[in-house]
Structures are given as C-alpha cells and as structure tokens.
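# Secondary and tertiary structure notes
Read off the chains here:
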Amino acid sequence: MQDSQTRLLDKKILEFIHRHADRPSTEVDFQALAYAVFEYQFERNSHYRKFCLLEGKSPGRLKSWKDIPAMPAAGFKELVLATFPLRNAVRTFRTSGTTGQNKGAHLFDTLKLYEAAILPSFKKYLLPDGVNLSFYFLISPPAESRHSSLSHMMGVVSRHFAGGKGRYYAEKEKILLGALLRDLRRERKKVFLLATAFSLKAFLDFLKAKKIGLRLPGGSRLMETGGFKGRMKEVSKTALYAECKERLGLAPECCVSEYGMTELSSQFYDTTLADAAAGIKRKPFKTGPAWTRTLVVDPVTGRETKNGARGVLRHFDLANRGSVLAVQTEDFGRRSGEGFELLGRARGAELRGCSLSYEEFLAKTG
Amino acid sequence: MKKNIKRTESRPIASIVTSLGALSSRWLKKDCPFRKKAVRRLVDRSGYAGKMASAMLDALFGELTAPKLWRLLRAELGDPRVLDEFRRDRITGKWRRARGPAVITHIFSSNVPSPAITSFVLGMLVKSVNLGKVSRRDHGFLDIYLESLSKHDPRLAATSRLLPLGVKGGGYAFLRGPLHRSGLVVAYGSDETLSEIKKNIPQGTAFEGYGHRVSVGVYVGPAARTSAVAKKAARDVWMSGQRGCLSPLVLFIEGRKESEVLPFARAFKRALERDAKGKWLVSYDDDLSHVSLPKSDRVVPIKVFRKIEDVFKALRPFARWLQGVSLEAPEPQRRRWAERLSAMGVNRICRAGRMQVPPITWHHDGRPNLAHWLKWADWEE
C-alpha cells in the first residue's frame, strides 16, 4: 500500500508521461519534476541519500537537474537502492552477470510507471506508421523470466500492440530456430522480429548453415537489443544488419536498435524508422522519451564533455521513482543529433586480484 | 631453453646482495630507463594510473636495497653466510650450512606485478636457478627487470629464465619439464589455480602457494576519523588498484552518529577520486550483521561500528583468508586489538597508509620468506 506522498508523485509522473507521449518536454518542466523526484529519493532511499551527501549535494543546493548525483550502475550490485521497504517490493529485475552473486537488482514497489514509460517511445520509434504486424519475439517469455526486465517489457509490448498474440521463440536459454523458420515461411502478414543481438545472430547463423535466404514482406522490421549487457562478445552492428539484409531481406532502414538497462525504467531507440516515416533525412541517433535526459560525461572528472567528445553516458529517468533517477553507466558514447550515439558497452568492471571476491567467498562458505 | 644453466653457488652472498641492492637503487631513480619502460607498461597494459605505477615501484624497490636484503637474511637465517659455507651457530655451537634448491619454478598471477620481482630476488639470494612463468592475462614487468639485470650483472642474470606462457585453458602440462626439474615450486593465484598447478608437480617437490586473501581497514577512536587518516586509508586502497592481497576491501570505522562518519567518508572518497582518477562509489552503513565484499571495481563499503567486538564477529566468516589489517587505534588498545587480530589469522597489522609498502621482512601469508626454501646441513665437528 502506497502512502499519499508516493501516490501523488506517481500521479505527477504519469501525467508527465501522458502529456509528453508525443512531444518533447521543456527544460523547466523536466527540471521541476526531476527536483521533486530527487527530493523524494533523497529522503527515502537511504543509500542514495548518503551517496549524495558524500558528493556534497542535497535538495535545494542544485543549480540544475544536471547536478543531481548519478549513482554508478555498480551501485545496483552493491547496495539496496529503493525508496521503499523491501517487503513492499512487487518485482525485482536482475541485471545479467557471469554468476548469480554478481547480479545487480532493480526493485519495484509498483510496475505502473515502468509499464507506462515503455509504450510511447516504443510506438514512436518502432511503430510510427501504424502498420499491422505479426510479432515474433526471440526473447524468452515473461512468465519464464520473471527477473528479466527485457522479457517483462516484451510482455507489455505484446499486450498493447499485438493483442497478446505475439509468439515467443526462446525457451530456457534455447532459441526455437526450426519453429521460427517454419512460422516465418508460412507468415502472410508483415513481420516484426524482436530479438537480442545474441538470439538474432543464432537465427542468422542457422539460416546461413541451411543456405536459406528469406524475403520478409515489405514493411517488416526488426528491433534488436544488446541483450541487456554482457551475454556475448560485441557483435558488430553493421555486420549483423548486413546479414539481416542477406538472410531476411530486411534493409538496415528497417532495423532499430534498442538500448535499455535493467537499472532504468525507460528505453532509448534509434530514430531510423521514425525518421523514415516522417520523411526526415538525417543520420539516425539514439534518443529517449521526454521524461529522460542523457549526458555524455568525462569518466575521470564526471563533467559533461564538450563539442561531441566521447565519454560515458549518464541517464536521468523520471520514471525511475522507486530507485534513483540518475544512473551513471560505463557505456561509452557521444552526442549525436538531438540524442546520442552508443560507442560500445564497457563490460562491468569486476574486481580482480588475489583478493577474494564475494562470489568466491560465498561459494566457499556456502 | 638450455638444460644446464650455471648456478651461482660459489659466489659469496654478500656479493649477490650488493649487486641486487645496487640494481634496486637504480630502479628507484625516476630517470632509470628500465623504470620508465615498466611504468609505461603498467599504465598501458595493466591499467594502473601513472601515479599508482610509480608508487608501486618505489614501494617494491625501496624494500630490495642492499641493507634491507641483508637484514632479511639476518632475520631469517641469523648468519647470512651460511649460504656460502659451514658457519658455527652462536647458540648451539654447531656448524651449519644452507642451500637453496638447484632450480625453482615460479608461477605468477595477473593481479599485481611486484611479487614476481620479489620472488625472483629471493630465489637469487638462495643461489638457485629461477624459472618464471608470468600470467598470460598480464605479464607484469619481470622481463624488463631481467633485462636490466642482464645489463647490470650478466652472470647473475644468466641464472634466470622466463618460461613460455602456455595457452588459455590448456592447464600446466606444458610446464612438465621445468616442474620436474625443480626442487621448489612457488605459485601465486586463486585457490583453484594453485590446486591445478599442484596436480602437475611430482610428489615430494616442495610447493609454496600464495592464494586468495582478504585485507581490511579498522579505525578506532576519534583520532582515527580525521581526514589525514582518511587520505592514508585511500592510499591503502588505490595504490595497488584494489588488486592486491593487501588491498583493503572494506573499512570498519567506529562511530555513533552519522555526523561523525560523514567527514571521514567524504575525505576518503575525495582522496580516492583525486589520486586514483575517476569516480568511486563509497558507501557507509552500520549493519555489521551483513558484511559483503564489493563485487565491482572502484567500490569501497565503510562499515560503522560501535563496539570493536562487532568487527571481530563480522570478520569471523573471512578468518581463513584474512591477510592484512590497517589498524588505527589509541594506545594501549592498539596492541590489544593487534593480538586479537593475529589470533584470528591476520598476518600483517600496520598503520593506515602503510598497507601497500610491506617490509621485505614481513611474513607473507604468515610464513618466512626464504628460510623454508632452504635445505640445511649440520656438521658436528
């Protein structure tokens, strides 16, 4: 049961999301709500409050939303970052990690904001033309992966945009390649493939091995995501998209890369499809919805880089009310267009050395 | 690799100490070309900041000077000249002589580069032929050190060899030759690595393994909460890039109120971010029932305690792996807590800021450094 202050803040955030579903937010509006969320989190998220105090920042002492202290993504592995008592958690999404102990956790006391934040940008960047599509998920179904934010998101997408009829082709870490091929061959409608880079590559390799080249109907498209970190070696996106053209008949203009993090509630997308639908010719970039902002900062000084210089991405996400709204990633990028360009996802830097790591310790004392 | 490498058995220990010590003094000079090369390597390949690399070399070679090496030999052997000839023991009145193994194989880990140099120096002190395999992941700078030695003292350098690196996941079978020729195998690495290496060693061959270790900082009393101590604590943490067995992973600090701890934590974080460039995540809380070691780089949890007993209790699950504690506490408690910590298995207790400059006489992993590498002969005249 939420208290009235939380209910009120959530209402404000939801209104903001609905009001800005299709249009940008002004700096003034964004800052006002960012301050409100920051103040709330400073008060209720004790680890975040301490983090802010160590940074010398507190509500009432900021010059702009850019000054809101950004919690390193590693914080989600090390600390409980929640504005509510653990017993109120309705869902925990976990980041992928090499071992169970290494996983970060993002706790939610409600999924209302999370789900509301998914839809507008998904629609804007993947369904800008309102075409009727058949959804094919190369991602494990939400019922099977309760801790995967990606699977949950796909469930929401299927419910809202596919009438719950989207089909899943991943099962217990296995991709159902044969079934997917069979169904795609029979498909009459335009196809929407939603895949992690990992599962997509597996399907493309499968087609290659069988010497099969499909020609998906015009208007078909692909949403590909890095797989929410760490699963595989960086696959070159250009190479992956070239293979999509060869094996699926999907032109690079029909492929949109999604960038999301378990630590956030909102997602970022390439502007490729949306630009094409609006007849805009420009170099596509990544961008998020109006309740997010992304800064590119120098990893050493933490200050914003100048003139489009390379740096690490720092995201501000107002839908992240239950944890921290500002998250410092280890992902490299630079400013591009009205958004940013992703230059590579640094692997989570893990402690190495002859010092015993936590997981090893647990494994030994288990 | 040549099968027969000439040992230095007939060379007096004093001459070896003088030569190695002189080389260390060269390495301590900032303009030493080998040092410069090593710093570059540590920055480019091992990911240390320039300041860290430089501080690490100072700490290493500052302990490998001639007087310090001589002191180590005296501390562990009484009379260092037992390595040259039979010498009369002052206490028993009997004659004794010590010899190192003909061949020592050293297998190094990737985390910190200094032990490789120390291990080879110790091996040369006991007049053995030293064969070294460095980590594939991080070669460190043993090759640069040996290069400098070959310029400085070719005869001594001729007793050392680097072994091939092997292939990833290929195990240690490729070291069969050297391992079977060795009288002693010294290995650094994870517990898994050590037991893997052991499988390849003939029965009866002496084995010295340096495995997993955990170090922490313990700060007791108001004098330990100053920003001066915080800066020293930060030095302990950043100097080996959090990778060494003496890198404190968690700090325990006494405090009753948040306002007592916050300035320390702030000064600590600021010092880390200034000296070990980049952002650090420092957290603090007073839940000692749950002490977890950080899972990520550049993360340091501070645990706030009221009673020191709670710290001992919190450390108990880690006791088997405890290595060093940087301890700040008022006298006479300091001695008392040092006793308690040593009883738990901690083998090095030092003041804040000294963690990364262990003296060469420190009993690494609680054992002598070279006395137990030797075989003794006693002569009752």
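Residues numbered from 1 in each chain as written. Chains lettered and ligands numbered in written order. Predicted model: local features only at pLDDT ≥ 70, side-chain atom pairs only at ≥ 80, totals over all residues. Heavy atoms only, no water.

## Brief notes about the overall build of chain B
For clarity, the cut-off: Strands here mean DSSP runs of E at least two residues long; helices mean DSSP runs of H or I at least four residues long; both are numbered from the N terminus. As a reference, a globule follows 2.2 Å times the number of residues to the power 0.38, and the radius of gyration itself is taken over C-alpha atoms. Contacts: residue pairs with any heavy atoms within 4.5 Å of one another. Only the protein chains shown count as covering a residue, and every accessible area follows the Shrake-Rupley method with a 1.4 Å probe.
Each helix and strand in chain B was counted, giving 13 helices and 14 strands. Expected size for 381 residues packed as a compact globule is a radius of gyration near 21 Å; at 22 Å, chain B falls within 12% of this value. Dimensions of chain B along its principal axes, counting C-alpha atoms only, are 65 × 50 × 40 Å. Across chain B, contacts joining residues at least 24 apart in sequence account for 71% of those joining residues at least 6 apart. Roughly 16,300 Å² of accessible area belongs to chain B as shown, and the carbon and sulfur atoms make up 51% of that amount.

## Some remarks on the domain arrangement of chain B
Residues and elements named next belong to chain B. As a reminder, the rule being used: Here the bounds of each domain stem from an automatic or database domain assignment. Accessible surface is computed with a 1.4 Å probe, and the buried area is the amount of it that two parts give up when combined, taken over both parts together. Salt bridge criterion: a side-chain nitrogen from Lys or Arg within 4 Å of a carboxyl oxygen from Asp or Glu. By the criterion applied in these results, polar contacts are pairs of N or O atoms within 3.5 Å in which, for protein atoms, one can donate a hydrogen and the other can accept it, and in which residues neighboring in sequence qualify only through two side-chain atoms. Residue type decides the class: Asp, Glu, Lys and Arg count as charged, Ala, Val, Leu, Ile, Met, Phe, Trp, Tyr, Cys and Pro as nonpolar, and the leftover types, Gly among them, as polar.
Along its sequence, chain B is organised into domain 1 (13-212 + 361-379) and domain 2 (214-350). Of the roughly 1,300 Å² buried between domain 1 and domain 2, counting both surfaces, carbon and sulfur atoms make up 58%. When the buried area of domain 1 at its contact with domain 2 is split by residue, Lys51, Met52 and Trp362 rank highest and sum to 40% of it. Our count for the contact surface shared by domain 1 and domain 2 stands at one salt bridge. Among the salt bridges present, the one from Lys51 reaches Asp275, with a minimum N-O distance of 2.9 Å. Inspection of the region where domain 1 meets domain 2 yields six residue pairs in polar contact (both at pLDDT 80 or more). With five residues, helix H3 (residues 50-61) is the largest single contributor of residues to the side of domain 1 that touches domain 2. Within the side of domain 1 that touches domain 2, the residues separate by chemical class into seven nonpolar, seven polar and three charged.

## Focus: the packing of helix H5 (residues 114-125) of chain B against helix H6 (residues 142-152) of chain B
All names here are of chain B. What counts here: A fitted line through C-alpha atoms represents every axis, and for helices the fit uses only the stretch in contact; the resulting angles, taken between N-to-C directions, go from 0 to 180 degrees. Roughly parallel covers angles under 35 degrees, roughly antiparallel covers those over 145, roughly perpendicular covers 65 to 115, and oblique covers all other angles. Note: crossing handedness is left-handed where the near helix turns anticlockwise from the far helix by less than a right angle, and right-handed where it turns clockwise.
Packing of H5 against H6 brings their axes to within 9 Å, and their N-to-C directions diverge by 40°. If you check the angle between H5 and H6, you find them oblique. Read as a crossing pair, H5 and H6 show a hand that is right-handed. Residues Ala116, Ile117, Phe120, Val121 and Met124 of H5 pack against Leu142, Tyr145, Leu146 and Leu149 of H6. Its residues placed into classes, the contact of H5 with H6 shows nine nonpolar, no polar and no charged.

## A short note on the confidence of the model for chain A
Close inspection of predicted coordinates is inappropriate for parts of the model with low pLDDT. All names here are of chain A. For clarity, the cut-off: pLDDT is a per-residue confidence score from the predictor, ranging from 0 to 100.
Of the residues in chain A, 90% reach a pLDDT of 70 or more, and the chain-wide mean stands at 89. When pLDDT is averaged over each helix and strand of chain A, the minimum, 44, is found for helix H11 (residues 358-365) and the maximum, 98, for helix H2 (residues 27-44). Below a pLDDT of 50 lies the segment residues 227-233, which in the model reaches 19 contacts outside its immediate sequence neighbourhood of four places, other chains included. Low confidence marks residues 347-366, where pLDDT is under 50. Its contacts with residues over four positions away, or in another chain, come to 70 contacts.

## Remarks on the environment of B:Cys245
All names here are of chain B. Just so we agree on the cut-off: Buried means the residue's accessible area, taken with a 1.4 Å probe over protein chains only, is under 20% of the maximum for its type, while exposed means over 50%, and partly exposed covers the values in between.
With respect to the secondary-structure elements, Cys245 resides in the loop between helix H10 (227-238) and strand S9 (248-254). A residue is classified by how much of its surface remains accessible, and Cys245, at 12% relative accessible area, is buried. For Cys245 and Gly324, which are 79 residues apart along the polypeptide, the C-alpha to C-alpha distance reads 7.9 Å.

## Section: the pattern of salt bridges
On inspection of all chains with the given rule, the structure shows 50 salt bridges over all chains. A salt bridge links A:Lys283 to A:Glu341, with the nearest nitrogen and oxygen atoms 3.6 Å apart. Of this pair, A:Lys283 sits in the loop between helix H10 (272-278) and strand S12 (286-287) while A:Glu341 sits in strand S16 (residues 339-345), and the two are 58 residues apart along the sequence. By relative accessible area, which is 22% here, A:Glu341 ends up partly exposed. Here B:Glu63 ties to B:Lys68 by a salt bridge, and the two come within 3.0 Å at their closest N and O atoms. What emerges from the salt-bridge pattern is a single network uniting B:Asp79, B:Arg81, B:Asp84, B:Glu85, B:Arg87 and B:Lys127.

## A word on unusual backbone geometry
Residues other than glycine predominantly adopt negative phi, and peptide bonds predominantly adopt the trans conformation. Geometrically, the link from B:Glu331 to B:Pro332 is a cis peptide bond, its omega value of 0° lying close to zero. Structurally, B:Pro332 can be placed in the loop between strand S12 (322-328) and helix H13 (333-344). One non-glycine residue, A:Lys211, lies in positive phi territory at about 55°. Position of A:Lys211 relative to the elements: it lies in the loop between helix H8 (197-209) and strand S9 (221-225). Positioned with a positive phi, B:Asp365 is a non-glycine residue whose angle comes to about 60°. Within the secondary structure, B:Asp365 is located in the loop between strand S13 (348-350) and strand S14 (375-379). Judged by relative accessible area, B:Asp365 falls into the buried class, the value being 10%.

## Some thoughts on H3(B)
Residues spaced three or four apart along an α-helix face the same direction, because each turn holds 3.6 residues. Residues and elements named next belong to chain B. Applicable threshold: A helix's residues, less one, multiplied by 1.5 Å, set its expected span.
Over its twelve residues, H3 runs 17 Å from end to end, which matches the ideal 16 Å to within 8%, given 1.5 Å per residue. Burial within H3 is extensive, with nine of its twelve residues counted as buried. Within H3 the residues assigned to the buried category are Met52, Ala53, Ser54, Ala55, Met56, Leu57, Ala59, Leu60 and Phe61.

## Topic: the packing of aromatic side chains
The condition that has to hold: Stacked, tilted and edge-to-face pairs are distinguished by plane angle, under 30 degrees for stacked and over 60 for edge-to-face with tilted covering the rest, among Phe, Tyr and Trp rings (Trp via its six-membered ring) whose centres lie within 6.5 Å. Each ring is checked for a lysine NZ or an arginine CZ that lies within 6 Å of its centre and within 35 degrees of its normal; such an atom marks a charge sitting over the ring.
With the rule as written, the count across this model stands at 32 aromatic pairs over all chains. Between A:Phe30 and A:Trp65 the ring centres are 5.3 Å apart and the planes differ by 80°, which places this aromatic pair in the edge-to-face class. Pair noted here: A:Phe30 is in helix H2 and A:Trp65 is in the loop between helix H3 (46-55) and strand S1 (71-72), with a separation of 35 residues, a long-range link. Judged by relative accessible area, A:Trp65 falls into the buried class, the value being 4%. Centre to centre, the rings of B:Trp27 and B:Phe61 are 4.8 Å apart; their planes meet at 20°, and the pair counts as stacked. Of the two residues, B:Trp27 sits in helix H1 (residues 13-28) while B:Phe61 sits in helix H3, which places them 34 residues apart along the sequence. Across this residue pair, the class does not change: B:Trp27 and B:Phe61 are buried. Members of the aromatic cluster, each reached through a chain of ring pairs, are A:Phe122, A:Tyr125, A:Phe135, A:Phe137, A:Phe161, A:Tyr168, A:Phe192 and A:Tyr269. In this structure, A:Arg310 is placed above the aromatic ring of A:Phe332, and the distance from its NZ or CZ to the ring centre is 4.5 Å. The positively charged end of B:Arg367 is found above the aromatic ring belonging to B:Tyr210, 5.0 Å away from the centroid.

## Remarks on the sheet that holds strand S11 (residues 299-305) of chain B
Residue and element names in this part refer to chain B. Filter applied, for reference: Strand pairing follows a simple DSSP-based rule, namely that at least 2 bridges must link the two strands.
As summarised here, the arrangement of the six strands in space is S10-S11-S9-S8-S12-S13, forming an open sheet in which the pairing is parallel. Strands at the two margins of the open sheet, each flanked by one partner only, are strand S10 (281-285) and S13. Strand-to-strand twist in this sheet, taken as the mean axis angle between neighbours without regard to direction, amounts to 20°. Summarising the sheet, S12 and S13 pair through three bridges and their orientation is parallel.

## Comments concerning the sheet that holds strand S7 (residues 206-210) of chain B
All names here are of chain B. Ordered in space as S5-S4-S3-S6-S7, the five strands form an open sheet in which the pairing is parallel. The open sheet is flanked by strand S5 (160-162) and S7, the only strands paired with a single partner. Averaged over all adjacent pairs, the angle separating strand axes in this sheet is 15°, with direction ignored. Two elements, strand S3 (residues 103-107) and strand S6 (residues 184-188), share four bridges in a ladder whose sense is parallel. Residue pairing in the sheet places Ile107 in a bridge with Ala187 of S6. Packing of H5 onto the sheet brings it into contact with S3, strand S4 (129-133), S5 and S6, and relative to S4 it is tilted by some 165°.

## A short note on the nonpolar core
Rules: By nonpolar core is meant a set of buried Ala, Val, Leu, Ile, Met, Phe, Trp, Tyr and Cys residues that side-chain atoms within 4.5 Å join together.
Judged by nonpolar contacts, the single largest core of 136 residues is most densely connected at A:Ile68, B:Leu20, B:Leu125, B:Phe141, B:Tyr145, B:Phe264 and B:Phe268. The residue makeup of this core includes at least three contributed by each of domain 1 (13-212 + 361-379) and domain 2 (214-350) of chain B. Apart from the residues within four sequence positions on either side, A:Ile68 is in contact with A:Ala34, A:Tyr35, A:Phe38, A:Tyr48, A:Leu62, A:Phe316, A:Leu325 and A:Ala326. If you look at the next biggest cluster of nonpolar residues, it comprises 29 residues, including A:Tyr169, A:Leu200, A:Ala251 and A:Cys254.

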